[in-house]
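Coordinate analysis (summary)
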Amino acid sequence: MARRGLDQMSAWILAIFASGAVFGGGVVVAKVIAKRGHGGAAHGGGHAPASGEHGSVHGAAPEGHVSAAGGDDTPAGPGSGAHGDAAKGDHDSGAHGTNGTKAPSSAHGPRWEYKGSAGPDRWSELTEAFKTCKVGGQQSPIDIDAPVSNGKLLPIHFEYKQADVKVVNEGHSLQLSYPHGNYVEIDGERFDLQQIHFHTPSEHKVAGIPYDFELHLVHKNAEGRLAVVSVLFEEGGAAPTLEKILLAARREAGTAGEEIAIDANVFLPKKRNYYNYQGSLTTPPCSEGVRWFVLAQPMAIGAKQVDAFVSLVSFNARPVQPLKGRRVLKSAR
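The structure displayed is predicted, hence computed values, not measured ones.

**Remarks on the overall build of the protein**
Each helix and strand counted, the protein has five helices and 18 strands in total. As presented, the protein carries roughly 12600 Å² of accessible surface, and 52% of it is formed by carbon and sulfur atoms.

Rendered as structure tokens:
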């Protein structure tokens, strides 16, 4: 099946028509989808076929809050970067309401959005605390193009199990906050799973091509440093667990839906090679020092599930940022 993605124009159309979408039948939002290029050829090292199936955390910044470090062919290790103050923002701010409407003001900073006068191009102008969004040298997301294979990158060891979580529509995304007990080991170091959130279209691109959906699994180690595992989704078969999450969510921003049992393993592809780079939060305050692990093999999602997410949250992807000399590595095992 040819891979498909939503380009930026498609995303704007999604935002405009999102209010007419109804999950599971009835009216479905009008959605323009751009076919992936290269006739299904591999991008930047290759994708395997689809295999099925954002964000502050409690007491921590959403996807990172430490000084960036790390270099070229050396895997970004736990010692890279000094621990900094947790920056409140991202999906914790509640600054963006359902279908593009504004949610109540946040105590953590000014309202920011994904379009208009408070959109990504203007984030740095909203407050001094957001200036890194413009002047930072290691911003995320990025276009993953021509990654360098590196045999020093070890496989990520996932230790996930079923947990009861509430689906929170926090305005910018749907978020699942996780209890203690789910974690990953990266280079032998434990990072506890804090929360999961979603973006459409994908924030990361591969060889210039966006995917239809992206999931971020946000982890924190004992020192407060964050590592984010990203899973890309392309349209194919429906994902039962995502459907379960969408049905449990509420439309009103800032509200929690039903508590449901979720095993995060269902979001992981069979092959878990990944792209690795040093980056940042993808939302204000855009703090740097985040260790990113973007899984190379995409998962599948149904078109109606993408529409349902858009009807609840709308377009929520930051444009890709310049590499500024960074090299993207790809695990070889």
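**Description of the packing of aromatic side chains**
Applying the stated criterion across every chain, the model contains 11 aromatic pairs. The interplanar angle of 75° and the centroid separation of 5.6 Å between the aromatic rings of W112 and Y114 together place this pair among those described as edge-to-face. Classification of W112 as buried rests on a relative accessible area of 1%. Residue Y114 is classed as buried on the basis of its relative accessible area, which comes to 3%.

**Remarks on the state of the cysteines**
When the sulfur atoms of two cysteines share a covalent bond, that bond is a disulfide. Tallied over the entire structure, the rule returns one disulfide. Disulfide pairing places C133 opposite C286 at an S-S distance of 2.0 Å. Between C133 and C286 the sulfur-sulfur dihedral comes to about 90°; the bridge is accordingly right-handed. Linking C133 in helix α3 (residues 132-135) with C286 in the loop between β15 (274-280) and β16 (288-295), this pair joins segments that are 153 residues apart in sequence.

**As for the pairing of strand β12 (residues 213-220)**
Most of β12 sits out of view: eight of its eight residues are buried. Of the two faces of β12, the one carrying F213, L215, L217 and H219 and the one carrying E214, H216, V218 and K220 are both buried. In the sheet, strand β9 (residues 189-199) pairs with β12 via seven bridges, with the strands oriented antiparallel. Following the sheet pairing, H197 is matched in β12 by H216. Linking β12 back to strand β13 (residues 226-235) in an antiparallel pair, the connection comprises five residues, with G224 at a positive phi of about 90°.

**Thoughts on the sheet that holds strand β10 (residues 205-206)**
Within the open sheet, the three strands sit side by side as β3-β10-β11. Their pairing is mixed. The outermost strands of the open sheet, each flanked by one partner alone, are β3 (143-144) and β11 (209-210). In the sheet, β10 pairs with β11 via two bridges, with the strands oriented antiparallel. Paired with K205 across the strands is P210, a residue of β11.

**Quick notes on the environment of V231**
For V231, the position within the fold is in strand β13. The class of V231 is buried, set by a relative accessible area of 0%. Separated by 14 residues in the primary sequence, V231 and L217 place their C-alpha atoms 8.2 Å from one another.

**Here we look at the nonpolar core**
Among the nonpolar cores identified, the biggest contains 45 residues, and Y178, I196, F198, L217, L242 and I245 are the most heavily contacted of them. Non-local contacts of F198, meaning those with residues more than four positions away in its chain, are made with S173, L174, L176, F213, E214, L215, L242, I245, F309 and N316. Counting 15 residues, the second-largest nonpolar core is a separate cluster that includes L226, L232, Y277 and W292.

**Points about helix α5 (residues 303-312)**
The buried fraction of α5 is high, at eight of 10 residues. Those residues of α5 lying buried are Q305, V306, D307, A308, F309, V310, S311 and L312.

**Here's the deal with the pattern of salt bridges**
Within this structure, the stated rule accounts for five salt bridges. Two residues, E125 and R122, come together in a salt bridge whose shortest N-O distance is 2.6 Å.

**Thoughts on helix α4 (residues 240-248)**
Buried residues of α4: T241, L242, I245, L246 and A248, and no others. Across the axial projection of α4, the buried residues extend over an arc of 165°, all falling on one side. Those residues of α4 that are exposed and angled more than 90 degrees off the buried face are P240 and L247.

**Let's talk about the confidence of the model for the protein**
For the protein, per-residue confidence averages 77 on the pLDDT scale, and 68% of positions sit at 70 or higher. Across residues 1-107, where pLDDT falls below 50, the model places 328 contacts with residues more than four positions away in sequence or in other chains.

**A word on the environment of R122**
Along the polypeptide, R122 turns up in the loop between β2 (34-35) and α2 (123-126). The sequence separation of R122 and C133 amounts to 11 residues, and the corresponding C-alpha distance is 9.0 Å. Among all residues touching R122, those that are not within four sequence positions of it are G116 and S117. A polar side-chain atom of R122 sits 2.6 Å from a polar atom in the side chain of E125.

**Notes on the side chain of S230**
With respect to the helices and strands, the residue S230 is situated in strand β13. Under the relative-accessibility criterion, S230 is labelled buried at 0%. Separated by 2.6 Å, the side chains of S230 and E214 make a polar contact. Setting aside its immediate chain neighbours within four residues, S230 contacts H204, E214, L215, H216, W292, F293, V294 and L295.

Criteria and thresholds
Residues numbered from 1 in each chain as written. Predicted model: local features only at pLDDT ≥ 70, side-chain atom pairs only at ≥ 80, totals over all residues. Heavy atoms only, no water. Helix = DSSP H or I, 4+ residues; strand = E, 2+ residues; numbered from the N terminus. Areas by Shrake-Rupley, 256 points an atom, 1.4 Å probe, with all protein chains shown as cover. Phe/Tyr/Trp six-rings, centres within 6.5 Å; stacked < 30°, edge-to-face > 60°. Buried < 20%, exposed > 50% of the residue type's maximum accessible area, 1.4 Å probe, protein only. Disulfide = S-S within 2.5 Å. Pairing = 2+ DSSP bridges. Core = buried A, V, L, I, M, F, W, Y, C linked by side-chain atoms within 4.5 Å. Contact = heavy atoms within 4.5 Å. Salt bridge = Lys/Arg side-chain N within 4 Å of Asp/Glu carboxyl O. Arc of directions from axis to C-beta. pLDDT = per-residue confidence, 0-100. Polar contact = N/O pair within 3.5 Å; in protein donor to acceptor, adjacent residues only side chain to side chain.

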